[in-house]
Amino acid sequence: FIFAAVLILFEEIKRMIVDPESRSCPHGTYTVLTTVLHVGAWFSAIIALDSCKFLKSEEFGEIGLWYRFDTSTRQCISWNKEWSEFDDHFNAGRSFAYLSTGIAALMMLLSWSICCFAWTRVPKRIAVTVLLFCTFSQGMAFLVFRSATFCSVNCSLGPGGTSGIFACIFLLFGAVAVTKLPDPRYPTMETQEGGAPLLEQIEFEHA
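Residues numbered from 1 in each chain as written. Predicted model: local features only at pLDDT ≥ 70, side-chain atom pairs only at ≥ 80, totals over all residues. Heavy atoms only, no water.

**Describing the overall build of the protein**
As a reminder of what qualifies: By definition, any uninterrupted DSSP run of H or I lasting at least four residues is a helix, any uninterrupted run of E lasting at least two residues is a strand, and each is numbered from the N terminus. Partly exposed residues are those whose accessible area sits between 20% and 50% of the maximum for their type, while under 20% is buried and over 50% is exposed, using a 1.4 Å probe and protein chains only. Contacts are assigned to residue pairs with any non-hydrogen atoms lying within 4.5 Å of each other.
Helix and strand counts for the protein stand at 6 helices and 5 strands. From first element to last, N terminus to C terminus, the protein shows the α and β order α-α-β-β-β-β-α-α-β-α-α. Split into buried and exposed, the 207 residues of the protein put 41% on the buried side. Across the protein, contacts joining residues at least 24 apart in sequence account for 69% of those joining residues at least 6 apart.

So this is what it looks like as structure tokens:
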């Protein structure tokens, strides 16, 4: 799947370079940057969510939001098999991480539509608002460091937590990238008075 996606993206970039007036990407090659940021945000968020090394506790060792790392077997073990109750900070952090990963996945899928449809002012504002909220949610995942159960003594950042920081960065820059999307290269319902542009007019302008 990843190999096929890379091939499709490569062909799309090549076609945009050969045919810069192609209507398949109305915002131009800048679309690629926006999509890459959103994919990076989702990928980093899901690594942070699924990692069993989100933080390092002096008392419990390396633990994650849903798993812990067993040093004897060198494997990740689900918390559900050996632990049933967590404090409010840990539960809140896990919930926010889950919420952020879901929103990041949705925004990643929506960002792919920029290669097919022009985003006008309203979609841009909605996307930026959602991405900022997603950034906030991902940041709130670090409430687990306030957990009295696991971090009563001392906790440090693990690889999963580092991935969570990268997710916040990608989400924030993704929101900025959406605000900087160039105007579409053909008329839209917002730029064309009287409704949607006529197909004949578009073909004439890009002939």
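Further notes follow.
**With respect to the state of the cysteines**
Note the following rule: The disulfide criterion is simple: two cysteine sulfur atoms within 2.5 Å.
Scanning the entire structure with this criterion turns up 2 disulfides. With no disulfide of its own, Cys134 lies 8.6 Å from the sulfur of Cys168, the closest cysteine sulfur. According to the relative accessible area criterion, Cys134 is buried, its value standing at 0%.

**Focus on the pairing of strand β3 (residues 67-70)**
Under the convention used in this document: By this definition, two strands are paired if DSSP reports at least two bridges between them.
Note that β3 and strand β4 (residues 75-78) share 4 bridges and pair antiparallel. Bridging from a neighbouring strand, Arg68 pairs with Ile77 of β4. Linking two consecutive strands that pair antiparallel, namely β3 and β4, is a turn of 4 residues; a positive phi of about 60° is found at Arg74 within it.

**Here we look at the nonpolar core**
Side chains that are nonpolar tend, in soluble globular proteins, to be buried together. Short version of the rule: Among buried residues, the Ala, Val, Leu, Ile, Met, Phe, Trp, Tyr and Cys ones that are joined through side-chain atoms within 4.5 Å form a nonpolar core.
Counting residues in hydrophobic clusters, the biggest one holds 16 residues, and the most contacted among them are Phe54, Leu55, Leu65, Trp79, Phe90, Val144 and Phe150. Elements with a minimum of two residues in this core: α2 (30-50) and α3 (88-112). Dropping the residues within four chain positions of it, Leu55 is found in contact with Gly61, Glu62, Ile63, Val144, Phe145, Cys151, Cys155, Ser156 and Gly158. Among the nonpolar cores identified, the runner-up in size contains 14 residues, and Ile114, Trp119, Val128 and Val178 belong to it.

**Concerning the side chain of Gln138**
Relative to the helices and strands, Gln138 resides in helix α4 (residues 121-140). Leave out the neighbours within four places in its chain, and Gln138 touches Ala45, Ala48, Ser100, Gly164, Ala167, Cys168 and Leu171.

**Description of the packing of α3 against α4**
Helix packing geometry: the angle between the two helix axes and the distance between the axes. To keep things clear, this is the line we draw: Axis lines are fitted to C-alpha atoms, over the contacting stretch for helices. Their N-to-C directions set the angle, which ranges from 0 to 180 degrees. The cut-offs work like this: below 35 degrees is roughly parallel, past 145 is roughly antiparallel, 65 to 115 is roughly perpendicular, and the gaps in between are oblique. Two helices that cross are described as forming a left-handed crossing if the nearer one is turned anticlockwise from the farther one by less than a right angle, and a right-handed crossing if clockwise. Three categories are distinguished: nonpolar for Ala, Val, Leu, Ile, Met, Phe, Trp, Tyr, Cys and Pro, charged for Asp, Glu, Lys and Arg, and polar for the others, with Gly belonging to the last.
Interaxial distance between α3 and α4 falls to 7 Å at its minimum, and their mutual angle equals 150°. Comparing the axis directions of α3 and α4 gives the class roughly antiparallel. Read as a crossing pair, α3 and α4 show a hand that is left-handed. Across the interface between the two elements, Gly93, Phe96, Ala97, Leu99, Ser100, Ile103, Ala104 and Met107 of α3 pack against Ala127, Val130, Leu131, Phe133, Cys134, Phe136, Ser137, Gln138 and Met140 of α4. Among the residues forming the contact of α3 with α4, the class breakdown is 13 nonpolar, 4 polar and no charged.

**Looking at a nonpolar patch on the surface**
For the record, the criterion: Only residues whose relative accessible area exceeds 30% and that take part in no salt bridge are eligible for patches, with like-charged residues grouped when within 9 Å of each other and nonpolar side chains (Val, Leu, Ile, Met, Phe, Trp, Tyr) grouped when within 5 Å. Methods summary: accessible areas were calculated by the Shrake-Rupley approach with a probe of 1.4 Å, and residue burial reflects only the protein chains presented. Take a side-chain nitrogen of Lys or Arg and a carboxyl oxygen of Asp or Glu: if they are within 4 Å of each other, that pair is a salt bridge.
On the surface, a cluster of nonpolar side chains totalling about 620 Å² of accessible area is made up of Leu132, Leu157, Ile165, Phe166, Ile169, Leu172 and Phe173. Per element, the largest residue contribution to the nonpolar patch is 5 residues, and it comes from helix α5 (residues 159-179). Along the chain, Leu172 turns up in helix α5.

**With respect to α2**
For an α-helix the count is 3.6 residues per turn, leaving residues at separations of three or four pointing the same way. Defined as follows: Here a helix's expected span is defined as the number of its residues, less one, multiplied by 1.5 Å.
With 21 residues, α2 should reach 30 Å at 1.5 Å per residue; the first-to-last C-alpha distance of 31 Å fits that figure. Among all positions in α2, only Thr31, Val32, Thr34, Thr35, Leu37, His38, Gly40, Ala41, Ser44, Ala45, Ala48 and Leu49 are buried.

**Observations concerning the packing of aromatic side chains**
Definition in use: When two rings of Phe, Tyr or Trp (its six-membered ring) have centres within 6.5 Å they constitute a pair, described as stacked for plane angles under 30 degrees, edge-to-face for angles over 60, and tilted for the intermediate range. Only when the NZ of Lys or the CZ of Arg is both within 6 Å of the ring centre and within 35 degrees of the ring normal is a charge said to sit over the ring.
As enumerated under the stated definition, the model contains 10 aromatic pairs in all. Between Phe54 and Phe142 the ring centres are 5.4 Å apart and the planes differ by 40°, which places this aromatic pair in the tilted class. In this pair, Phe54 sits in the loop between α2 and β1 (55-57) while Phe142 sits in the loop between α4 and β5 (155-157), placing the two residues 88 residues apart along the sequence. Each member of the pair Phe54 and Phe142 is classed as buried. Ring centres 5.5 Å apart and planes at 85° place the aromatic pair Trp66 and Tyr98 in the edge-to-face group. Placement of the pair is Trp66 in the loop between β2 (61-63) and β3 and Tyr98 in helix α3, with a sequence separation of 32 residues. In this arrangement the basic side chain of Lys53 is found over the ring face of Phe69, its NZ or CZ atom lying 4.3 Å from the centre. Note that Arg94 overlies the ring of Trp66, its terminal NZ or CZ placed 4.0 Å from the centroid.

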